[in-house]
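# Chain and residue survey
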Amino acid sequence: MSLAIALFLLVIATVVLHFVFAYYFDWWFTPLAADWAGIDFTVIVTLWVTGFVFIAINAFMAYCVWRFRHRPGHKAVYEPENKKLEINLSIFTTVGVVLMLAPGLFYWAVFVNVPEGANDYEVLAQQWQWQYRYPGADGILGTADTSLVSESNPFGINPEDPNGQDDVVVNDPQMRLPVDQDAHFLFRSNDVLHNFTVPQFRVKMDLVPGLISYMWFTPTEVGTYDVLCEELCGIGHFIMRGQVVVETEEDFNAWLAAQPTFAETQNMVAANPAAGQAQYAICATCHGQQGEGLLPQEGVSPLNIGPKLAGQPAWYLERQLQYFKNGVRGGEGDDDASRGMATMSLTLFDDDAVRNMAAYIATLPDEPAERTVTGDIANGQDIYDRNCAACHLDDGSGTWYTDAPPLAGQSDWYLVNQLSKFQSGIRGMHPEDDFGEQMVYMATAMADEEEIRDVAAYINTLVSSRIEVGE
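Residues numbered from 1 in each chain as written. Predicted model: local features only at pLDDT ≥ 70, side-chain atom pairs only at ≥ 80, totals over all residues. Heavy atoms only, no water.

Right, let's get into the nonpolar core. In this structure, Trp130, Tyr134, Phe185 and Phe196 are the most contacted members of the largest nonpolar core, which totals 38 residues. Residues in contact with Tyr134, not counting those within four places in the same chain, are Tyr121, Leu141, Asp167, Val168, Val170, Met175, Arg176, Phe252, Trp255 and Leu256. Counting residues in hydrophobic clusters, the runner-up holds 20 residues, among them Ile383, Leu407, Leu419 and Val440. (Core = buried A, V, L, I, M, F, W, Y, C linked by side-chain atoms within 4.5 Å. Buried < 20%, exposed > 50% of the residue type's maximum accessible area, 1.4 Å probe, protein only. Contact = heavy atoms within 4.5 Å.)

Here you go:
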């Protein structure tokens, strides 16, 4: 009897809690921002059917436990077959399955047929970031292949295909769409399985290496929506985030016109290291004449002590200098040293000056910085191998593919300093610092400063290597 009562109460509590949480804690669908209300309908139908089955089966089970419980003098009756019961159960099950599948099949037929005139967009996924490509004036996306992927051509666009020359490339996790226009998404993956999901759009799709998958929807609400990867794609899966900005057609066209085409990215004038050398003079005060970095010293302000720069690739230096110039680093709430760098970066008046500076620093001799940090190397290696090596590589040489700079041979005191800032939220919290946000999460793998020092001590044991363009 007690088991029957427990089963009955379980059913009642489950149903009540479902509606309580849905009403008071907003435990329900996110607001719909695309023309796929039918998806919500299919989910609700499935919920009602499975909910009814859950209640019916458990209530029947509770009834059977009570009805056929052991009683003195009562003899069980053996009944191996009951055709009437079997027929009723078959009909009941068939109706339930049809009710669940029919709406989904109907909307699947709509899903696989892309409307004529839909705008084409390409989404490229790789560990652990999103990139996007838009057709140019010809309205046709050029061919692409992972075998063509390189630092200068991260999309792997075929340079021999004339249709790809005017393609607009967005090497950034944020994409934009015009509101109320059909969007046809083409998906590619550079490495492993990924999944493109925006909850407010309802539809989602896997990105499979070697294949081009697709989906379509019509964004109906202006706003900014998070992109999630809902396929376990490695250690950085949970921080593979992006954004979709839905805006007016006028704003979208203005933004699109400001983005570079594939041809423009391939035909950029080479940076001028000689010009960068003249600009570097102001940097040498803190970072050393050869970019070797300076060591913290008693009586010397930390604001006048800079880390080693030599050995860092130009692409990383450019990104950090642009972050300082644009306020992504060194803005309000940041530390004094970063604010000082933000001020110094303003001496680089334009993008060419930034590129020249980065190109010059990349030519400086890469000698390992002097070691100042000690710690438990074995523990540091364990933490590094589990959390850092996936992006920065086993030997700490870094790679442009994951946008991870070299760590081996760099100023160990600076590594400790920056990891501590990521942990405390001083660095990496700006909404436009996508890679910093990832580092904030990864830095939590280190419990305290002692473990941070262990990791830095292990990195000191790694051999520094330079990354060559296109390697």
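Having seen it, we continue.
Our focus in this paragraph is the side chain of Lys308. When you line up the elements, Lys308 lands in the loop between helix H6 (273–287) and helix H7 (314–326). What makes Lys308 buried here is its relative accessible area of 4%. Of note is the side chain of Lys308, whose polar atom sits 2.6 Å from the side chain of Asp366. Contacts of Lys308, omitting those with residues within four sequence positions, involve Gly291, Glu292, Gly293, Asp366, Glu367, Pro368, Ala369, Gly409, Gln410 and Ser411. (Helix = DSSP H or I, 4+ residues; strand = E, 2+ residues; numbered from the N terminus. Polar contact = N/O pair within 3.5 Å; in protein donor to acceptor, adjacent residues only side chain to side chain.)

Note that Thr261 resides in the loop between helix H4 (249–257) and helix H5 (262–266). Measuring from C-alpha to C-alpha, the distance between Thr261 and Ile235 comes to 32 Å, with 26 residues separating the pair along the chain.

Moving on: the sheet that holds strand E10 (residues 241–247). Spatially, five strands are ordered E4-E10-E9-E6-E7 in an open sheet, and the strand pairing comes out mixed. Only two strands of the sheet have a single neighbouring strand rather than two, namely strand E4 (174–178) and strand E7 (204–207). Averaged over all pairs of adjacent strands, the angle between strand axes in this sheet comes to 25 degrees, irrespective of strand direction. Where strand E9 (residues 223–229) and E10 come together, six bridges link them in antiparallel fashion. Bridge pairing links Tyr225 to Val244 in E10. (Pairing = 2+ DSSP bridges. Axes fitted to C-alpha atoms, helices over the stretch in contact; angles between N-to-C directions.)

Per the counting criterion, the structure on display carries 10 salt bridges. Close ionic contact of Asp366 with Lys308 constitutes a salt bridge, the shortest N to O distance being 2.6 Å. Of the two residues, Asp366 is situated in the loop between helix H9 (351–361) and helix H10 (377–387) and Lys308 in the loop between H6 and H7; the sequence distance between them amounts to 58 residues. There is no split in this pair, since Asp366 and Lys308 are both buried. Between Arg319 and Asp403 there is a salt bridge whose closest N-O contact spans 3.4 Å. Of the two residues, Arg319 is situated in helix H7 and Asp403 in the loop between helix H11 (389–392) and helix H12 (412–424); the sequence distance between them amounts to 84 residues. The structure contains a network of salt bridges with shared partners spanning Glu122, Arg133, Asp167 and Arg188. (Salt bridge = Lys/Arg side-chain N within 4 Å of Asp/Glu carboxyl O.)

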